[in-house]
Amino acid sequence: MLKKIRVDQVRLGMHLHALEGAWMDHPFWKTRFVIREQEQLKKLQDSVIVEVWIDPEKGLDVPEEVAAVPTPIAAPTPVAAATPLPALAAASATTSVPAQPSSRPAPTSTPVPAPSKSFADEMRTATAVCNKGKAQVQKMFNEARLGRAIDAESFMPLVQEISDSVIRNPGAIVSLARLKTQDDYSYMHSVAVCALMVALGRELGFDEEQCRSAGTAGLLHDVGKALMPLDILNKPGKLTDLEFDVMRSHPLRGYELLQEAHGAAPSAMEVCLHHHERFDGGGYPHKLPNDKLNQLVRMGSICDVYDAITSDRPYKNGWDPADSIGQMASWKGQFDPVIFATFVKSVGIYPTGSLVRLQSERLAVVIEQNPSALTSPVVRVFYSLKSGMPVSLQRLDLSGGTSDRIIGREPPDRWKFTFLDELWAGDAAPKRN
């Protein structure tokens, strides 16, 4: 039976089950572990966390003289934080278009249904859907550049296919759409954000129609980039201040395109215009405070940033998915914390494709999520740190039947492995130059 105690009651040998408090405040990546080191204990006591949940069956209990109220297993779902990183730069233009305010959403209490199709099987379907999506978005961008009106309704079948794939097994298309080359980033980014929006909507309790609306908003959110100069859009180096001012105009340009489009919903226009706004009011183009940002906009800003930082761009390589989640968690004021915590549930604390270090001193790549155990995904082990040599590939479900566990993220840049995507995506991984 779990117990909730104050942080000052925690001592070495106790098994932490969960930490109370906001996502941003958590001092550890993992929360279900035994406190064995003084450094861990100090880190916890120096944080702003006030109370924790312990499992006396897996570690030390509080002394009998210390009052602690036993609680049934219905403890909070643990989440984690990561090493701080400076917040994303943000600025604003001068024009102002009001957004529709929305009450702060709460994650659904209804569990998301289990996948109806295996990850491997859905990958084949998801590959075809991604290819179709890339072609359709590319056509949309080309027509916008030629001054032709966008037919938003023509994307409904594509959004439906993406939504259907997410329902069958969200991990497949959400993970696959993240894999993109520098050349097709602008098109595949829209497909990826569409899939992420649908998956996040399901976690928030949206019905099918609401999920499709979220997906459509994600698919159209960056249409304004079709009107950006290609030499700026594809520049391999850092943008000048003038070039950055041009790029910051893409939300408004996209909003104007959707106003002239056939069948574009107001919700899609809102996400297009405001997906670079920040929860603390420091974003662009209008520096709107959080109470002026509706739910879909808050979702879109998270999905847009996650896909952007995990993707290869002309000027940088994508970050590791797990590291990206950690960095985003550290950006104070950037995102709605409630929706962000739900987003992490939708992609995983260690998203598919993350490089992780195991307690057994081996390296592995996350190949599939366990929705009921976010810190214990399915991994593929491929390298021994003890021998410094590759090992036979092993599929390992960390949620049961093994004493091994993840003890941390591992920066891919440290190892220069060139085959990580192939370990989980197989032939679906894009061929890179």
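None of the values given here were measured: they were computed from a predicted structure.

Explanation requested: the pattern of salt bridges in the structure shown.
Working definition: two side chains of opposite charge can pair if their charged atoms are close together. In the structure shown here, the tally under the stated rule is 22 salt bridges. We note a salt bridge from Lys4 to Glu51, for which the minimum N-O separation is 3.5 Å. Here Lys4, found in strand 1 (residues 2–6), pairs with Glu51, found in strand 4 (residues 51–54); they are 47 residues apart in sequence, far enough to count as distant. Lys4 gets classed as partly exposed once you look at its relative accessible area, which sits at 29%.

Is there a simple way to explain the sheet that holds strand 9 (residues 389–397) in this structure?
Two orientations exist for strands paired in a sheet by backbone hydrogen bonds: parallel and antiparallel. Within the open sheet, the five strands sit side by side as 9-8-7-6-10. Their pairing is antiparallel. If you trace the sheet from one side to the other, it starts and ends with strand 9 and strand 10 (406–409), each paired once. Geometrically, the sheet is characterised by an average inter-axis angle of 35° between neighbouring strands, direction not taken into account. Sheet topology places strand 8 (residues 378–384) next to strand 9; six bridges connect them, and they run antiparallel. Opposite Tyr383, over in strand 9, you have Pro390 as the bridge partner.

Looking at this structure, how should I read helix 6 (residues 208–220)?
Because an α-helix packs 3.6 residues into every turn, residues spaced three or four apart end up facing the same way. With 13 residues, helix 6 ought to run about 18 Å at 1.5 Å a step, and its terminal C-alpha atoms sit 18 Å apart, in line with that. Those residues of helix 6 hidden inside the fold are in contact with helix 2 (119–145), helix 3 (156–168), helix 5 (185–203), helix 9 (250–260), helix 10 (266–274) and helix 11 (295–310). With a side-chain oxygen positioned 3.2 Å from the backbone nitrogen of Glu209, the residue opening helix 6 is Asp207.

Got a minute to help me understand empty space enclosed by the protein in this structure?
Any empty space left between the atoms is revealed when a probe the size of a water molecule rolls over them. This structure, assessed with the given rule, holds one cavity of 30 Å³ or more. The calculated volume of the largest cavity comes to roughly 50 Å³. Forming the walls of the largest cavity are His274, Glu277, Arg278, Phe279, Leu293, Val297, Arg298, Ser301, Gln334, Phe335 and Asp336. Residue contributions to the lining of the largest cavity peak at three residues, all from helix 11. Considered class by class, the residues forming the lining of the largest cavity number four nonpolar, three polar and four charged.

What is the right way to read the side chain of Glu410 from this model?
Mapped onto the elements of the fold, Glu410 is located in the loop between strand 10 and helix 14 (412–415). Look at Glu410 and you get buried, because its relative accessible area is 3%.

Would you mind going over the state of the cysteines with me for this structure?
Each disulfide is one covalent bond, formed between the sulfur atoms of two cysteines. The tally for this structure, following the rule as stated, stands at zero disulfides. Sulfur of Cys303: no disulfide; nearest cysteine sulfur belongs to Cys194 and is 10.0 Å away.

Which parts of the structure should I look at to understand the nonpolar core?
Generally speaking, nonpolar side chains in soluble globular proteins are found buried as a group. Core analysis: the largest hydrophobic core is formed by 99 residues, its most contacted members being Met299, Met328, Phe343 and Phe382. The element best represented in this core is helix 5, accounting for twelve residues. One finds Val10, Phe33, Leu44 and Ile49 within the second-largest nonpolar core, a separate group that totals 14 residues.

How should the packing of helix 2 against helix 5 be read in this particular structure?
Across the interface, helix 2 lies against helix 5 with an axial gap of 8 Å and an inter-helix angle of 120°. The orientation of helix 2 relative to helix 5 falls into the category oblique. As helix 2 runs across helix 5, the sense of the crossing is right-handed. From helix 2, Cys130, Gly133, Lys134, Val137, Gln138, Phe141 and Arg145 reach across to helix 5, where they touch Ser186, Tyr187, Met188, Ser190 and Val191. In the contact of helix 2 with helix 5, the residues fall into six nonpolar, four polar and two charged.

Where do I start with helix 1 (residues 38–46) in this structure?
Turning to helix 1, its buried residues number three or more, namely Gln40, Leu41 and Leu44. Looking straight down helix 1, one finds that the buried residues subtend no more than 100° of arc, so they occupy a single side. Exposed and facing more than 90 degrees away from the buried side of helix 1 are Glu39, Lys42 and Asp46. Looking at the buried residues of helix 1, the elements they touch are strand 2 (15–19), strand 3 (33–34) and strand 4.

Sorry, what's going on with the environment of Arg32 here?
The residue Arg32 is located in the loop between strand 2 and strand 3 in this model. Residue classification places Arg32 among the partly exposed positions, given a relative accessible area of 42%. For Arg32 and Trp53, which are 21 residues apart along the polypeptide, the C-alpha to C-alpha distance reads 9.5 Å.

Whenever I open this one, the pairing of strand 2 confuses me. Can you help?
Each regular strand shows side chains that alternate between the opposite faces of the sheet. Counting buried residues in strand 2 gives five out of five residues, a clear majority hidden from the surface. Where strand 2 meets strand 3, two bridges bridge the pair, whose relative direction is antiparallel. Within strand 3, the position partnered with Leu16 by the bridge is Phe33. Two strands pair when backbone bridges link them, and strand 2 and strand 4 are joined in this way by three bridges, in the antiparallel orientation. Counterpart to Leu19 in the pairing with strand 4 is Val52.

Quick notes on the rules
- Residues numbered from 1 in each chain as written.
- Predicted model: local features only at pLDDT ≥ 70, side-chain atom pairs only at ≥ 80, totals over all residues.
- Heavy atoms only, no water.
- Salt bridge = Lys/Arg side-chain N within 4 Å of Asp/Glu carboxyl O.
- Helix = DSSP H or I, 4+ residues; strand = E, 2+ residues; numbered from the N terminus.
- Buried < 20%, exposed > 50% of the residue type's maximum accessible area, 1.4 Å probe, protein only.
- Pairing = 2+ DSSP bridges.
- Axes fitted to C-alpha atoms, helices over the stretch in contact; angles between N-to-C directions.
- Expected span 1.5 Å × (residues − 1).
- Contact = heavy atoms within 4.5 Å.
- Polar contact = N/O pair within 3.5 Å; in protein donor to acceptor, adjacent residues only side chain to side chain.
- 1 Å grid on protein atoms, 1.4 Å probe; cavity = no way out; pocket = protein on both sides within 12 Å on 5 of 7 lines; lining within 4 Å.
- Points joined across faces, edges and corners; volume = space filled by probe spheres on them.
- Nonpolar A, V, L, I, M, F, W, Y, C, P; charged D, E, K, R; others polar.
- Disulfide = S-S within 2.5 Å.
- Core = buried A, V, L, I, M, F, W, Y, C linked by side-chain atoms within 4.5 Å.
- Parallel < 35°, antiparallel > 145°, perpendicular 65-115°, else oblique.
- Left-handed = near helix turned anticlockwise from the far one by under 90°.
- Arc of directions from axis to C-beta.

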